[in-house]
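Chain residues, written in single-letter form:
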Amino acid sequence: MLLSMTGYGEARYQSDNLNVSLELRALNNRYLKVSLRAGDPYHLLEPEFEKVIRRVVRRGTLQVHLRVERQAAPQDFKINVIALRSYIEQVKAATDQLGGQALMGQILALPGVVPEPGQTTSRLHDDWPLLEKILNQGLDKLQTMRQEEGKAMAQELLLHRDTIAAHLNSIRARGPQVTVNFRDRLLERVQKLLGELDVKIDRSDVIKEVAIFSERSDIAEEVMRLGSHLDQFQLILKEPESPGRKLEFLTQEMFRETNTIGSKASDVEISREVVEIKATLEKIRELVQNVE
């Protein structure tokens, strides 16, 4: 089953004191790269997000946008008693020595005495189970979109595969005729030469020349391998896991065989078929680059 490397998924959660919004955008990449955008302190959860995403996505750049809005609860406003006691003792000692009066409001404003609500990392552990559930919901929607695009891509790839097979059949049928045409052209030139000059030529020399050309321009092996690659291409599309890397490699091999056919077969008709095959292979390569 083919999966597209591009897609979009989202999930939301809302309660009396908490609103969570999650967006997932998948883009092309040869390897898996996860990027989390979130406010403090939730950006620290990027490793946890990546672990969950790796269970579902194998390739591509995944951009995760997380927004968490929480209404402060009474228990969020706490005084750091240890810090407060330490400041009071130090300020009291200083005022006893230097004179003056310390105001409690000024002491409470000192760093660490009254931390900002919601800015500590202590709630990450408590929030993670809910965030993981929301992340999985977003991944489900992302996968659905990737699967739908993958089905469309598989159908298009099969059409391109059938197009190449049709051109290959034309080449296969044309192959034997190439040697016959060369033989006829060679005999015509020899007869013309013999007519202009009083020269005799051994028949075995003509046969030998035709045999050399036939061996040098024989494309039967390349045609057979390209046909085998097309059969394998069709089978790979039916594999249960998305076979992006296999398709990339097989497309490269089909390019190689096609180029060899074009360079060995000295025939205009075959050259035209080769051009059409290469143009279709280029379309396949563009599509395969978007397959996970």
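Keep in mind that this is a model prediction, so the values were computed, not measured. (Residues numbered from 1 in each chain as written. Predicted model: local features only at pLDDT ≥ 70, side-chain atom pairs only at ≥ 80, totals over all residues. Heavy atoms only, no water.)

Pulling in residues and values, what's your account of the overall build of the chain?
The number of helices and strands found in the chain is 8 helices and 4 strands. Start at the N end of the chain and walk to the C end: the helices and strands fall as β-β-β-α-β-α-α-α-α-α-α-α. In the chain, 79% of the contacts between residues at least 6 apart in sequence involve partners at least 24 apart. Here the chain has roughly 17900 Å² of accessible surface; of this, 52% comes from carbon and sulfur atoms. (Helix = DSSP H or I, 4+ residues; strand = E, 2+ residues; numbered from the N terminus. Contact = heavy atoms within 4.5 Å. Areas by Shrake-Rupley, 256 points an atom, 1.4 Å probe, with all protein chains shown as cover.)

So, the sheet that holds strand 1 (residues 7-14): which residues are in play, and what are the values?
In space, the 4 strands of this open sheet follow the order 1-2-4-3, with mixed pairing throughout. Edge strands, defined here as strands with exactly one partner in the open sheet, are strand 1 and strand 3 (32-38). Direction aside, the axes of adjacent strands within the sheet are offset by 10 degrees on average. Of the pairings in the sheet, the one linking strand 2 (residues 18-27) to strand 4 (residues 60-70) comprises 10 bridges and is antiparallel in character. Residue pairing for strand 4: Glu23 is matched across the bridge by His65. On the sheet, helix 1 (residues 46-54) packs against strand 2, strand 3 and strand 4 and is oriented at approximately 135 degrees with respect to strand 3. (Pairing = 2+ DSSP bridges. Axes fitted to C-alpha atoms, helices over the stretch in contact; angles between N-to-C directions.)

Can you lay out the nonpolar core for me, pointing to particular residues and giving the numbers?
Ranked by internal contacts, the top residues of the largest apolar core, which has 29 residues, are Leu2, Leu157, Ile171, Phe233, Leu247 and Ile261. Looking at this core, the elements that each hand over two or more residues are helix 4 (124-196), helix 6 (220-236), helix 7 (244-264) and helix 8 (268-288). Aside from chain neighbours lying at most four places away, what touches Phe233 is Leu157, Arg161, Leu247, Leu250, Thr251, Met254 and Ile284. Counting 25 residues, the second largest nonpolar core, distinct from the first, contains Leu24, Val34, Leu62 and Trp128. (Core = buried A, V, L, I, M, F, W, Y, C linked by side-chain atoms within 4.5 Å. Buried < 20%, exposed > 50% of the residue type's maximum accessible area, 1.4 Å probe, protein only.)

So what's going on with the packing of helix 6 against helix 7? Which residues, and what values?
Running from N to C, helix 6 and helix 7 point in directions that differ by 160 degrees, and their axes come no closer than 9 Å. Comparing the axis directions of helix 6 and helix 7 gives the class roughly antiparallel. Where helix 6 crosses over helix 7, the two elements pack in a sense that is left-handed. Between helix 6, through Glu222, Val223, Arg225, Leu226, His229, Leu230, Gln232, Phe233 and Ile236, and helix 7, the contact on the second element is made entirely by Lys246, Leu247, Leu250, Thr251, Glu253, Met254, Glu257, Thr258, Thr260, Ile261 and Lys264. Class assignment of the residues belonging to the contact of helix 6 with helix 7 gives a composition of 9 nonpolar, 5 polar and 6 charged. (Parallel < 35°, antiparallel > 145°, perpendicular 65-115°, else oblique. Left-handed = near helix turned anticlockwise from the far one by under 90°. Nonpolar A, V, L, I, M, F, W, Y, C, P; charged D, E, K, R; others polar.)

Describe the pattern of salt bridges, with residues and values.
Applying the stated rule across the entire model yields 22 salt bridges. We note a salt bridge from Glu222 to Arg225, for which the minimum N-O separation is 3.9 Å. On the criterion of helical spacing, the pair formed by Glu222 and Arg225 is a turn pair, its members being 3 residues apart in helix 6. For Glu222, a relative accessible area of 7% puts it in the buried group. Arg225 sits in the partly exposed class, given a relative accessible area of 27%. (Salt bridge = Lys/Arg side-chain N within 4 Å of Asp/Glu carboxyl O.)

Which residues make up the side chain of Glu292, and what values do they have?
Relative to the helices and strands, Glu292 is located in the segment after helix 8. On the basis of relative accessible area, Glu292 is assigned to the buried category, the value being 3%. Side-chain polar atoms of Glu292 contact the side chain of Arg146, separated by 2.2 Å. (Polar contact = N/O pair within 3.5 Å; in protein donor to acceptor, adjacent residues only side chain to side chain.)

Tell me about the pairing of strand 2, and name the residues and values.
Within strand 2, 7 of the 10 residues are buried, which leaves it mostly tucked inside the rest of the structure. Examined bridge by bridge, strand 1 and strand 2 share 8 bridges and lie antiparallel to one another. For Arg12, the partnering residue across the bridge sits in strand 2 and is Ser21. Adjacent in sequence and paired antiparallel, strand 1 and strand 2 are bridged by 3 residues.

Would you mind going over the packing of helix 7 against helix 8 in detail, with residue names and values included?
Angle between the axes and distance between the axes: these two values describe a pair of packed helices. Two elements in contact, helix 7 and helix 8, have axes separated by 10 Å at closest approach and are oriented at 165 degrees. In terms of their interaxial angle, helix 7 and helix 8 are classed as roughly antiparallel. Of the two possible hands of crossing, helix 7 and helix 8 adopt the one that is left-handed. Contacts from Gly244, Leu247, Glu248, Thr251, Met254, Phe255, Thr258, Asn259, Ile261 and Gly262 in helix 7 reach Ile270, Val274, Ile277, Lys278, Leu281, Glu282, Ile284, Arg285 and Val288 in helix 8. Residues belonging to the contact of helix 7 with helix 8 are distributed by class as follows: 10 nonpolar, 5 polar and 4 charged.

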